[in-house]
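# Summary of the model geometry
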Amino acid sequence: MKKVFFTAGPSQLYSTVQEHIKNALRDDILSISHRSKLFIEIFRTTTENLRSLMGIPKDHHVFFLGSATEGMERILENTVEEHSLHFVNGAFSKKFFRIAEQLGKNAKKFEADAGKGFDVREIQIPAETECICVTQNETSTGVSFPMSDIYTLKKRNKNSLLAVDVVSSAPYVNIDFNKVDLVFFSVQKGFGMPAGLGVLIVGPKAFEKAKFLFEKGVRIGSYHNFLVMEEYSRKYQTHDTPNVLGIYLLGKVCEDMLKKGIGTIRKETEEKANMIYTFFEKHEDYKLFVKDKKNRSLTMIVIETKEEVKSLLSKLSDAGFIVSSGYGAFKESQIRIANYPSTSVEDMKNLIAYFTKF
Ligand SMILES: *Cc1c(COP(=O)(O)O)cnc(C)c1O
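Below is a summary of the structure that appears in this document. Note that this is a predicted model, so its numbers are computed, not measured.

About the criteria used
- Residues numbered from 1 in each chain as written.
- Predicted model: local features only at pLDDT ≥ 70, side-chain atom pairs only at ≥ 80, totals over all residues.
- Heavy atoms only, no water.
- Helix = DSSP H or I, 4+ residues; strand = E, 2+ residues; numbered from the N terminus.
- Buried < 20%, exposed > 50% of the residue type's maximum accessible area, 1.4 Å probe, protein only.
- Contact = heavy atoms within 4.5 Å.
- Lys, Arg positive; Asp, Glu negative; His and termini not counted.
- Charge placed at Lys NZ, Arg CZ, Asp CG, Glu CD.
- Pairing = 2+ DSSP bridges.
- Axes fitted to C-alpha atoms, helices over the stretch in contact; angles between N-to-C directions.
- Expected span 1.5 Å × (residues − 1).
- Near = heavy atom within 4 Å.
- Polar contact = N/O pair within 3.5 Å; in protein donor to acceptor, adjacent residues only side chain to side chain.
- Nonpolar A, V, L, I, M, F, W, Y, C, P; charged D, E, K, R; others polar.
- Salt bridge = Lys/Arg side-chain N within 4 Å of Asp/Glu carboxyl O.

### Digging into the overall build of the protein
What the protein contains, in helices and strands, is 11 helices and 14 strands. In terms of principal-axis extent, the alpha carbons of the protein reach across some 65 × 55 × 30 Å. Here the protein, with 358 residues, has 58% of them falling under the buried criterion. Within the protein, residue pairs in contact and separated by at least 24 positions form 70% of the contacts whose partners lie at least 6 positions apart. If the 50 positive side-chain charges of the protein are averaged to one point and the 44 negative ones to another, these points end up 1 Å apart.

Structure, rendered in structure tokens:
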């Protein structure tokens with residue numbers, strides 16, 4: 001039976017990925033030099049398509065990394081000499097904070113309970129904060145940080161840079177790149193691709209900060225510091241040998257998404273999210289974990305179950321639906337259903353129909 005992956009990530013492949021992998025093999029993409037004309041063409045096409053899809057301005061840099069976790073480290077190394085500030089309400093935002101500590105930064109945090117968001121109007125950011133770190137879509141709990149609140153944070157703290165993790169909301173999330181400084185994601189979630197590629201988008205102010213720190217003699221890392229990555233990306237290349245297949249596939253998937261239209265993708269995401277939230281809101285045995293509608297992620301739906309999660313997941317799997325368990329402490333009491341562009345309205349209808357049966 002063909003399985004549909006509603007998992008947090010890696011997840012369901014975007015429908016065209018298999019074909020693109022075949023073409024990549026046919027065209028020797030996996031053997032070409034990363035200094036060749038063909039690679040330069042691939043790099044250029046991918047960054048252009050990504051810019052069109054996500055609305056990334058010309059003066060923002062697009063850098064390729066190994067993962068989103070690497071993005072966290074690179075941001076902290078390149079923009080923070082001492083003071084970072086983190087909004088922590090789940091496993092991934094906590095990871096961002098932990099990395100700052102591991103790098104020896106003076107990291108502060110605002111914490112919210114799992115399943116809850118933040119009231120940005122009540123929060124006072126210390127003036128010395130160099131970078132505010134926000135997880136726009138907390139994949140572990142299904143809590144979304146509204147972009148409007150993120151813009152408010154930036155507006156009120158103009159002297160701090162603002163970094164946004166959109167790993168499990170891109171490309172659905174609509175970002176005004178002129179209102180934030182750094183944005184990052186990896187491709188095995190909302191882009192429906194194999195894992196192993198991270199993307200970091202760096203605005204002019206964040207780039208200037210890296211330069212400033214470097215000139216001051218602060219350590220900003222080596223081969224993947226912003227200055228080295230810019231030097232190479234200007235030539236449509238990378239310093240190290242990159243994930244060529246990943247970069248190739250990302251360009252193709254972005255092209256397919258552009259053909260479909262990002263507006264259509266967003267509408268479908270909202271339609272699917274609406275279907276699944278409406279269904280579980282009324283369900284007797286299952287409860288939505290995120291109570292406040294304003295904070296409900298449309299791309300990660302977290303549900304508290306009454307029955308044993310393990311047996312529920314195994315029943316679902318037998319029916320062809322692969323769903324994630326809760327994260328960490330919620331492993332035994334919750335399930336997480338990803339709502340990425342790679343699953344169709346029909347897939348979501350089928351999943352809901354299955355839940356209706358028992
Ligand atoms: C999955 C995830 C990450 C980590 O991504 P990697 O590619 O595994 O490094 C970071 N942040 C969020 C919100 C995620 O969902």
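### Quick look at the environment of Tyr236
By the element assignment, Tyr236 lies in the loop between helix H7 (226-233) and helix H8 (244-260). Along the chain, Tyr236 and Leu65 lie 171 residues apart, while their C-alpha atoms are 14 Å from each other. Those residues in contact with Tyr236 that sit more than four places away from it in its chain are Phe39, Ile40, Phe43 and Arg44.

### Considerations on the sheet that holds strand S11 (residues 287-288)
Pairing is mixed in the open sheet, where five strands are placed in the order S1-S13-S14-S12-S11. Strands with a single pairing partner mark the edges of an open sheet, and in this sheet they are strand S1 (4-6) and S11. Together, strand S13 (321-325) and strand S14 (334-338) form the strand contacts of helix H10 (residues 309-318), whose direction differs from that of S13 by roughly 160°.

### Let's talk about helix H6 (residues 204-216)
For H6, with 13 residues, the first-to-last C-alpha span of 18 Å sits near the 18 Å given by 1.5 Å per residue. Looking at the buried positions of H6, the neighbouring elements they touch are strand S2 (61-65), helix H3 (68-79), strand S8 (161-165), strand S9 (182-186), strand S10 (198-202) and H7. Just past H6, the residue Gly217 takes up positive phi, approximately 95°.

### Looking at the environment of Asp28
Looking at the element boundaries, Asp28 is found in the loop between helix H1 (17-26) and helix H2 (37-54). Owing to a relative accessible area of 47%, Asp28 belongs among the partly exposed residues under this scheme.

### Digging into the site of the ligand
Thr69, Thr139, Asp165, Ser186 and Lys189 are the nearest of the 13 residues found near the ligand. Within the contact set of the ligand, an oxygen atom lies 3.2 Å away from a backbone nitrogen or oxygen of Ala68. With three residues, the top contributor of residues to the shell around the ligand is H3. Among the residues making up the shell around the ligand, the classes are represented as four nonpolar, seven polar and two charged.

### A few points about the pattern of salt bridges
Under the counting rule described, the total for this entry stands at 23 salt bridges. Across the pair Glu130 and Lys209 runs a salt bridge, and its minimum N-O distance is 2.7 Å. Placement of Glu130 in the loop between strand S4 (106-111) and strand S5 (131-135) and of Lys209 in helix H6 is noted, with a sequence separation of 79 residues between them. A relative accessible area of 13% places Glu130 in the buried class. Linking Arg234 and Glu230 is a salt bridge whose minimum nitrogen-to-oxygen distance equals 2.8 Å. Relative accessible area serves as the criterion here: at 57%, Arg234 is assigned to the exposed category. By sharing partners, the salt bridges in this structure join Glu70, Glu73, Arg74 and Glu77 into a single network.

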